[in-house]
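# Breakdown of the fold
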Amino acid sequence: MTHGWTVSDRLLDAHVPAGDPLGAWDRRRAEYRLVNPANRRHLKVIVVGTGLAGAGAAAALGELGYQVACFTFHDAPRRAHSVAAQGGINAPRARKVDGDSVRRFVTDAVKGGDFRGREADVVRLATESVRVIDHLQAIGAPFAREYGGQLATRSFGGVQVSRTYYTRGQTGQQLQVAASQALLRQVQRGSVRLHTRAEMLDLVVADGRAQGIVTRDLVSGAIGVHTAHAVVLATGGYGSVYFHSTLAVNSNATATWRAHRRGALFGCPSFVQFHPTALPVSSPWQSKTTLMSESLRNDGRIWVPANPGDERAANDIPEAERDYYLERRYPAYGNLTPRDVASRAARAEIVAGRGVGPLRNSVYLDFRDAIARLGRDTIAERYGNLFAMYTDVTGEDPYVEPMRIAPGAHFTMGGLWSDYDQMTSVPGLFVGGEAGSNYHGANRLGANSLLSACVDGWFTLPLSVPNWLAGLVGTPTLEQDAPEALEALETVARRTTHLLENEGTRRPTWFHRRLGEILDEGCGVSRSEAGLRAALEQVRQLGADFWADVRVGGRGDRLNQELERAGRVADFLELAELMVVDALDRTESCGAHFREEFTTELGEALRDDERWVNVSAWETTPVGKHIRHTEPLAFELVPLQVRDYR
């Protein structure tokens, strides 16, 4: 027993192919079992989520001939949060003479994740990235092009090459539109049945494997069971647990958390990335923050006044009194340092009293020098829609005065643990995209999120799921009135009734906002043992207060957004406890998990490779006890080294 949780002796096997890591994916693909086309139409797969991972998996499996039921709580698949990714998608296609390669991609991603992600999965990510770009282009993604017709690229944080393909500042939106159209093509053909406005509220596990889900129709309130031979969760990340985040307000963790409570291990939940170019919170009452693409750091320079408390307007501060702190501290990478490094540096400047803006909670991102060097028209061509969005949000003109940016809760590297084949610890339950935890380690490099979602959806799950289904040929799906299905249905109904009938005084949003304050203070950009212990106590108390004092208006047999929020906040409260437990348990600093007790002489993250070259995969028992299982990590292509971006 360790500080209220248990550490298991169990070592997890990720089933990584033996041998040369660069050829592992090719060997695994050749080993996968196949399903006869005549048998595919008798096998059913549930896909939850219609973002790039979910839409890709559903469309590809439908094209292959399987029965696919696809669920989204949106009113249309293109509304999935993948639309919000702006900057681009990575691929080491080596079309430019800058030294890029698959191996360099692996080095950058493994190093960027601070050696806390699975190297073999990163190799698959790099290997399939070339096909991903070709595929997305073929289904209609309008990538930017050079004058001669070749696809254009730009640089992103944590790398020194140009490997990011983009569609101005709308990359996620354009890729999502293309993926949604591919999905709707299968809907029209009849191979995919699309369920919109349907939220997954539980997982059905029978005979030791995932065999269905329980959903609530968000319009009618009807709760029902859907069964299948396999279930794929592609429901995104949980950054909105912090309340103020760059995610859409409705983004949540309910699907993955409900699966976790049914036995799916949760990997490294405390690994949360704060994006360095989010817009600062301007009012405690705003519902979310706004993301400005990392691509802006290609031409924008980040600085703060050299003198704390300087209240002059940005353009009135002379060059000699500006501190371009990233360029000063990290001359090799400058403003393109990885996100965790840039966010910690910004937070340090703000805490030191050099923050800018009305609330002194931001730093400057300045395009003055780039406009002078390249011209306003070139900057507008590269970032015009982002500049327009900034003006819409703030009322300020970034062509004239610097943008104000601040670290904002963004991407979660943690998620459901899965093996090399994307299958969780619950047989038959697969995970894709940000809902999983296998690629990014303790920090994700920019433009790898769209890539990982697309690789999972289009090129991994359509092979690994059939490998599982091959062993189920000739077997029926679980009956909807099976005891396990009815038990899951009753659990959801009982929980829903409790929320509706509880005679409390506070709305769900109040608890969510308070939870965000606790996490931001105790488990945010930086953490300490004292802060985490205080946060753990506060989260547990807030959870108890929620069930005693939450009030949900309206009824359950109709559209009720208050009920939706209540269920999601309840899951956030449980997840937040595990996040803090994980952060307390991992006694080192690595990537975005920055423990103030574990730093180098220069104030950088200090890893403990003797103890922590592993993934923490957590189990939560029915009574809420947390048990840590461990997956040891091995690095053959990229030897362990201290990250240095100086």
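Above this text sits the structure in question.
First things first, this report covers the structure right here in the doc. (Residues numbered from 1 in each chain as written. Predicted model: local features only at pLDDT ≥ 70, side-chain atom pairs only at ≥ 80, totals over all residues. Heavy atoms only, no water.)

With that settled, the discussion passes to unusual backbone geometry. The phi torsion at Arg-360 lies on the positive side, around 55°, for a residue other than glycine. Not every positive phi belongs to a glycine, and Ala-447 is a case in point at roughly 75°. When you line up the elements, Ala-447 lands in the loop between strand 19 (429–431) and helix 12 (449–469). Given the relative accessible area of 5%, Ala-447 is considered buried. (Helix = DSSP H or I, 4+ residues; strand = E, 2+ residues; numbered from the N terminus. Buried < 20%, exposed > 50% of the residue type's maximum accessible area, 1.4 Å probe, protein only.)

Counting residues in each nonpolar core, the largest one holds 74 residues, and the members touching the most others are Ile-89, Leu-136, Phe-143 and Trp-458. With eleven residues, the top contributor of residues to this core is helix 12. Residues Ile-213, Val-231, Trp-257 and Leu-563 belong to the second largest nonpolar core, which totals 60 residues. (Core = buried A, V, L, I, M, F, W, Y, C linked by side-chain atoms within 4.5 Å.)

Moving on, we come to the sheet that holds strand 10 (residues 223–227). Spatial ordering of the open sheet is given by 8-9-10, a layout of three strands whose pairing is antiparallel. Of all strands in the sheet, those bounded by a partner on one side alone are strand 8 (198–206) and strand 10. In this sheet, neighbouring strand axes are inclined to one another by 30° on average, regardless of whether the strands run parallel or antiparallel. Summarising the sheet, strand 9 (residues 209–217) and strand 10 pair through five bridges and their orientation is antiparallel. Among the inter-strand pairings, Thr-215 is bridged to a residue of strand 10, identified as Gly-224. Sheet strands in contact with helix 13 (residues 483–501) are strand 8, strand 9 and strand 10, and its direction is about 140° off that of strand 8. (Pairing = 2+ DSSP bridges. Axes fitted to C-alpha atoms, helices over the stretch in contact; angles between N-to-C directions. Contact = heavy atoms within 4.5 Å.)

Inspection of the secondary structure assignment puts Thr-227 in strand 10. C-alpha of Thr-227 to C-alpha of Glu-588: the two residues are 361 residues apart in sequence and 43 Å apart in space. Each residue touching Thr-227, except ones within four places of it in the same chain, is listed here: Lys-44, Ile-46, Gln-211, Gly-212, Thr-477, Leu-478, Glu-479 and Gln-480.

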